[in-house]
Each structure stands twice: as C-alpha cells, then as structure tokens.
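Notes for the structure review
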Amino acid sequence: YHEDIHGRPFYPEAPAGRVLRRVLEDEGVAPCRITNLVRCRPPDNKLAPWPDAVAACSAWLDMEIRDAHPKVVVALGAMPASRWFGSLPAHEVATLARAVPADDDRALPPLIVVGAFHPAYIARGSDPGAEESLRASVRRAKDLVSEVRR
C-alpha cells in the first residue's frame, strides 16, 4: 500500500520499511539498492496465484540486476526467494544461500542469493525469532560480499 502510494520499495515510514532500514543500519550495511520483484500491489494485497506475478515482473528485476551488477542479492521473503530456490516455506528460505551462475538467456551476471524473512512478516510481530534471522541473513550477505571482493 505505502509503496504504491509513494513509488518506493520498502517505504521508510511503513512498517516493513522501518524494520528493513533498522536492520540494515544496525548491521552496518552501507547504502544498497532496494527493489521489489512484484511491482504493484495486487488486489486485496494477495499474491495468489503469485507465480504469475513473479513471471510478469521478472523482466524488470532482471533489468535492474543487469544494470547494478550485484555480487549478492538478498531475497526478502518466500515469493522473491522462489525465483532462486523454488517454492519453499519461509522458515527454510531464511536459512539458504546459493551461487547462481550467469544466465546468458537473460544476460544476468553470476551472483549469490541469500534467503531472508520478509520485513513485513517481522513487523507483524508473530515470530520473535524472525528479526534475528533477518539480521543473520544480512550478516551472511555482508560476509559474502567481502569474500567475493577478495
């Protein structure tokens, strides 16, 4: 809702944006590119059937990845992570990291994808361990960026 109104992913004054920015600041992550896989708010905020939404919006994400040439991508939540890891429950996605080879068909560079809980899930407060899990995923991504640069 807030992202659609303001045209920014993880709008800083929205609950999910506050969680994400707090975690990034606390973990010492320098400014980074933040984007969304699905580019518009679906009816009733439901992404069913979400594979269609992922397929419809993937070209925009591919373009951003080609332009940014990231070494590491953090997939926030099960839906974006499904693109890299297949369909898995969020608690499993939050523990995963995998190297993704270059994709010549989509002109994507090789990168490492780290799974993480979505900040909106954390903002709802129903899982007390989810924020620490997100922090661990951010630290893992930060460490992987350092390793790739060596």
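Throughout what follows, the structure given in this document is the object of discussion.

Let's talk about the packing of aromatic side chains
Inspection of the entire model under this criterion finds one aromatic pair. Judged by centre distance (5.3 Å) and plane angle (10°), the rings of F117 and Y121 are stacked. With relative accessibility at 7%, the residue F117 sits in the buried group. For Y121, a relative accessible area of 26% gives the class partly exposed.

A word on the nonpolar core
Counting residues in each nonpolar core, the largest one holds 18 residues, and the members touching the most others are V38, I65, W84, L111 and V113. Of all elements in the fold, only α3 (50–68), β1 (72–76), α4 (78–85) and β3 (111–116) reach the threshold of two or more residues within this core. Here this core takes five residues from α3, the largest share from any one element. Here L111 is in contact with I65, P70, K71, V73, R98, A99 and V100, once residues within four sequence places are set aside.

Quick notes on the environment of P119
By secondary structure assignment, the location of P119 is in helix α6 (residues 119–123). Those residues in contact with P119 that sit more than four places away from it in its chain are F10, A16, V19, L20, L76 and L134.

As for the side chain of S137
If you trace the backbone, S137 turns up in helix α7 (residues 130–149). Overall, the relative accessible area of 0% leaves S137 in the buried class. At 2.9 Å, the side chain of S137 and the backbone oxygen of G115 are in polar contact. When sequence neighbours within four positions are dropped, the list of residues in contact with S137 reads A94, V114, G115 and A116.

What counts and what doesn't
Residues numbered from 1 in each chain as written. Predicted model: local features only at pLDDT ≥ 70, side-chain atom pairs only at ≥ 80, totals over all residues. Heavy atoms only, no water. Phe/Tyr/Trp six-rings, centres within 6.5 Å; stacked < 30°, edge-to-face > 60°. Buried < 20%, exposed > 50% of the residue type's maximum accessible area, 1.4 Å probe, protein only. Core = buried A, V, L, I, M, F, W, Y, C linked by side-chain atoms within 4.5 Å. Helix = DSSP H or I, 4+ residues; strand = E, 2+ residues; numbered from the N terminus. Contact = heavy atoms within 4.5 Å. Polar contact = N/O pair within 3.5 Å; in protein donor to acceptor, adjacent residues only side chain to side chain.

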